[in-house]
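Okay, here's what each chain looks like letter by letter:
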Amino acid sequence: MTSLSFTGIRKTFGTTVALESLDLALQPGELVSLLGPSGCGKTTALRIAAGFEIPDTGVVSLGESVITDTPAHRRNMGMVFQSYSLFPNLTVAQNVDFGLRNRKVEKAKRNSRVGEMLELVQLGELGKRYPHQLSGGQQQRVALARALAVQPEVLLLDEPLSALDAKVRSTLRDEIRRIQSELKTTTLFVTHDQDEALAISDRIGVMSNGRLEQLGTPEDVYLRPASPFVARFVGSINELPNNNGVGKILVRPEDITISEDENELTMRGTVTRVTFQGPVTIISVRVDMNDQLVNVHAASGSIHAQVGDRVSLDVTPGRGIIEAA
Amino acid sequence: MAIVNIPPLGEEGAVAQATAPSHFWRTPIDNIRNKKSLAWFGLVPFFLFLILFLLIPAISVFAQALHDEDGSFGFSAMREAISGQNLDAFIFSLKFSAGAAFVGVIFGGLLAYAAATATRPRWLRNIVSSFSGVAANMGGLPLAFAFLSLLGRQGLGTKILNAFGWDLYAGDFKLGEVSGLITVYSYFNIPLMVLVTLPAIDGLKTSWREACANLGGSAWTYWRRVGLPILAPSLLGGFLLLFANSFSAYATARQLTDNSKIVPLRISFFLGGDISIGEDAVGYSLAAWMIILMGISMAAYWLLRRRAERWSNS
Amino acid sequence: MEQLMRQSRSQRALGRLLPTLVLIASAIFFAFPLLAMARFAFQNLQVIDLGWNNLFEKWSFSSVTASFSDDFFAEALTLSLKLAVGTALFTLGLLVPTAVWVHLRLPKARVFVEFLTILPYVIPAIALVAGIVVVKPHARWFLNSDYSLIPFYVVLALPFTYRSIDTGLRAIDLKVLVEASRSLGSTWIATLFRVVIPNLRAAIISSTFLTVAVVLGEYTISDVLLKRTFPSFMAQYRQSDPRGGYALAILALLGTTLLFVAIGVLSKSRSTRPQQVSRSQENEILV
C-alpha cells in the first residue's frame, strides 16, 4: 500500500491548458475517482501518473520517491485502459502473464499467479482463448487481471467501463471495487459517469477545465457541493432566483419542501406534472415569480398534489449553494 | 414500413401481390422463396466479365501449353518449359524477384513506419502516401528511362560515383542483371510496400504500446512480443505481393535489357517470333507455369491478409 | 534519478533519428532518378558532357515540343486518352452496382468477391496477353479494334479500383441510406443515382484517376498486340530521339502525379466523418 501524490502539476498542449495546477494526494489503499466532463483534465492527470505524459511543472510522488521523470515502464503501476488494450496475438493467459515475464519471475510462480488472477476476476476457464473471442466485459476483466498480476503499488483505471453495455457496467463496477478493497491497492479511477464515482469511491475529485473543483467523500460532494459546477455536475439541480434578487441559488430536488400552505415568505407556484417513481414522486412546479419549472422530489405518500394545485416551495435550511450572478 | 406479416397464399395473397405498388419492396413470398438464388444473380455481370476477359485468356494459355511437338495433347511442352535454359530463366527470375521483394519489404516497412509515426510536419505522411500511389503504379517506361539516366553507362549517378572513385560498371553490374533490376524495381516495390503497410501500422493501437510499457516492457520488448508478431502477416503478405509484382513485370524489363533470362521477356520472345507450333507451346507453358507460381503466391498472400484483418477487428 | 532522466531523453532522441534518416534517404533515392531524367530530357547538351559545371545551362523544352509534331503523337495521345475514359466508365458501370449489390444483398460473398479482384495478380499482363493472342484468330472482329483494350485494362486496374469503391462503401451506412430512400418512395435506380453515388464521390473519383494512371502507363498488352497507344509511342520515339522519349516520360509522370495529388486532396476534404474514415482506410483506397 503506497500513497500517490500530485503537487503543483501543470500541463499544456500547445495553447490549451489541460491542467492548471493540480494538488492531489491519495492515501495508501484508498480509491479516488476523478470525475468530470470531457476535456476537464482527468485523463491527463492519470496519464501523467502513468508516465505517458510529462508535466510542464510539478512533482509526482509515489510514496517517498519522486517519479516525475521516471519512464513509464519503470513505474510499478498497473493500468486498465478504456478498451482494446489486450494484445490480440496472445492468449488470455499470456496477456496476464506479460508483466510477470518482463520482471523475469520464474515459470512456476508465473503460472500459479496467472491462475490466481484469472480466478480473482472469475475467468478461470478462459485462459486459452484469444481476446477477439471474448465479450467486452470479459476483455476488461482480463485487462484488470493483467494489471494486478504484478502487484502494482498503484492501480490506474481510465474510464474502464465506458465502452461496455449498461448491465455489464454495473456488475463490473462492483467487482472492481470488491477486488480493490480486498487487495487494498491505492487506486485512481477516471470517469465521466457520476453514478460510478458515487458508488465506488472513497473520495471523489470533481474536475473542470483543468482545475480540481472539489475533493471529498461522495456524501460531501453530493450533499455539500463546494461550487456551482459541482452542484450542477453531480446529481440533478434546480436553479432558483436568489432571495435578494441577485444571482441564483442551486438546490437539489430533495432539498425543497413543498406544502399547500400559503406563506408570503415562500415561493408559490402551480403543479404541472406529477410523476410517480416508486419510493419517490417527482412534482414539477411552475413558479409564479419567473415562470420557471422546478422539480421537487417528495417521499411518495407524504404529499398529495395534483396537476393544477397551488403549492408553496421552500428550501430546507442549510442546503443549496449560492451562485453569484 | 416493411411488410411484417406473410399474406396467405391463394386468392387473397394473389390479390395482395397484384395490387402492391410496383416500386415497393419485393413481396414477402418472393423474398423467402428466391432470396438466396436471386441474390447471386446480381453478380452475373461481374462473373461474366471475369470469365470473358480473364478466365478465357488464362484457360487458353493452358490449352496451348498442353501440346506436344506433334500438336496432340501432352505435357512435353510443360516439361520443357522448366528445363534447360528455361529452368535457368525461372531460377534467375525467382532470385531477383525474391531479392527485390526482400529489399522492398525492409525499406518499404521502414519508410511506412517513419511516415506513420511522423508528427511534424503534418503534411509529411500525406506526401509519402500520395507519392507512393504514383510510384507504385508508375508505368514501366518512365521508370526505365529514369534509371537509364541515372545509372546507365552515361548516367549522371554513374558519373557521380566515378568521382568518388567507385566504378559502377567495373564488376557485374548492369541494369539488366540482378543487382540492377533489384535497384530499379525497388522504385515501385518500396512504395507498394508502403501502401500495404501503412494501414497495418495504423492498426497498431497506441494502447498496446502503452500497456506494454505499463507492464514493464521496453520498446524492444514491445516490438519483439507484440508489434512485429501482429505486423508479421502484413509483412509476409507484402513480401508475396512484391514478389509477384516483380516476377511478372514486363514493361520496365523490356526497356532495360534483352535479357532472356527474365521470364516475362522470354514469354514475349516466344510469342513474337517466327516459330513452329511446338516451340509455340513452350512459350505458353512458360506463361502457364508463371500463372501457377503467381497463383500459389497470391493464395498465400490472401490467407495472410485475412489473418491480419482478423486481428485488426479485435 | 538524474541518470534515468538523461537516458530516457537521449533514447527518445535516438528514436527519432532513425525515421528521419530513412525519410531523407528515401527522398534522395526517389528524387535522383527523376532529376537525372529531367537533365537528359531538357538540357540541350550531349549526354556525355553533362556534369556539375553545366548544371544550369541550355535548358529548353524543345525536345518535348519536337515530339508534338511527330505524325503519331496526336494519334497515340488521343487513343490513350479515349481508352482511359472508356476504361474508367466501364469500371464504374461494372463495379459500383456490383459492390453495392454485394454490400446490400450478399454480405457473405464479400470475401469471395474480394478474392476475385486479386486474380489480376495471378494472371498478370504478360500472361493475359498471351491468352489474348491464342483467342485472337477466333475473335478477330473484336480484337482488331483498338477499343478492345478497354475490358482488359479494366481487368488490370481491378484490384485497385474495387478496393477503392469497397472502402468507400464501408465508410457510409449503405443499408440505412438505401432503406431510408426506399421508404420515402424512391425506385432502385433513383436511389442509386441520388443517394448512393453522391456519397461515393471520393471513391469514384479516386478509382477513376487510378484507372487513368494505369491506362496511360500500360505498355505490355498494347506492345504485344501492336496497338499504338501513348506508351508504345513513347518507346518507339525514344529509339529515334532518346531525349524526346525521356521528355515524354516526364510529361506522363507529371500528369499522373497531379492526378494522385488530386486524389489525396479530394479524399481528405470529403472524409467529413473523422471517426469512421480513419487514415488506414484512406490508404486502403490505393491498394
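First, a word on scope: everything that follows refers to the structure included in this document. (Residues numbered from 1 in each chain as written. Chains lettered and ligands numbered in written order. Predicted model: local features only at pLDDT ≥ 70, side-chain atom pairs only at ≥ 80, totals over all residues. Heavy atoms only, no water.)

**Here's the deal with the interface of chain B and chain C**
Each partner contributes to the interface: chain B provides 86 residues, whereas chain C provides 91 residues. Taken together, the two surfaces of chain B and chain C that pack against each other cover about 7,800 Å², and 77% of this comes from carbon and sulfur. Between chain B and chain C we count two salt bridges in total. When the shortest N-O distance is used, the salt bridge between Asp 223 of chain C and Arg 254 of chain B registers 3.7 Å. Counting every contact that joins chain B to chain C gives five residue pairs in polar contact (both at pLDDT 80 or more). The greatest single-element share of the side of chain B that touches chain C, amounting to 13 residues, is contributed by helix α3 (residues 44-65) of chain B. Looking at the side of chain B that touches chain C residue by residue, the class counts come to 57 nonpolar, 21 polar and eight charged. (Contact = heavy atoms within 4.5 Å. Buried area = accessible area lost by both parts, 1.4 Å probe. Salt bridge = Lys/Arg side-chain N within 4 Å of Asp/Glu carboxyl O. Polar contact = N/O pair within 3.5 Å; in protein donor to acceptor, adjacent residues only side chain to side chain. Helix = DSSP H or I, 4+ residues; strand = E, 2+ residues; numbered from the N terminus. Nonpolar A, V, L, I, M, F, W, Y, C, P; charged D, E, K, R; others polar.)

**Concerning the sheet that holds strand β18 (residues 321-323) of chain A**
Residue and element names in this part refer to chain A. Spatially, the three strands line up as an open sheet ordered β11-β12-β18, and their pairing is antiparallel. Of all strands in the sheet, those with a lone pairing partner are β11 (238-241) and β18, marking the two edges. The mean angle between the axes of side-by-side strands here comes to 35°, regardless of whether they run parallel or antiparallel. In this sheet, β18 lies alongside strand β12 (residues 248-251) in antiparallel orientation, the contact comprising three bridges. (Pairing = 2+ DSSP bridges. Axes fitted to C-alpha atoms, helices over the stretch in contact; angles between N-to-C directions.)

**Looking at the sheet that holds strand β3 (residues 31-35) of chain A**
Residues and elements named next belong to chain A. Strand order in the open sheet formed by six strands is β6-β7-β8-β3-β9-β10, and the pairing between neighbours is mixed. Either end of the sheet is taken by a strand with one partner, and the two such strands are β6 (77-80) and β10 (211-216). Each strand axis lies, on average, 15° off the axis of its neighbour in the sheet, ignoring direction. The pairing of β3 with strand β9 (residues 203-208) spans four bridges and is parallel. Across the sheet, the residue bridging to Leu 34 is Gly 205, located in β9. Against the sheet, helix α1 (residues 42-50) engages β3, β6, β7 (154-158), β8 (186-191) and β9, with an angle of about 145° to β7. The sheet contacts of helix α4 (residues 136-149) involve β6 and β7, and relative to β6 the element is tilted by about 175°.

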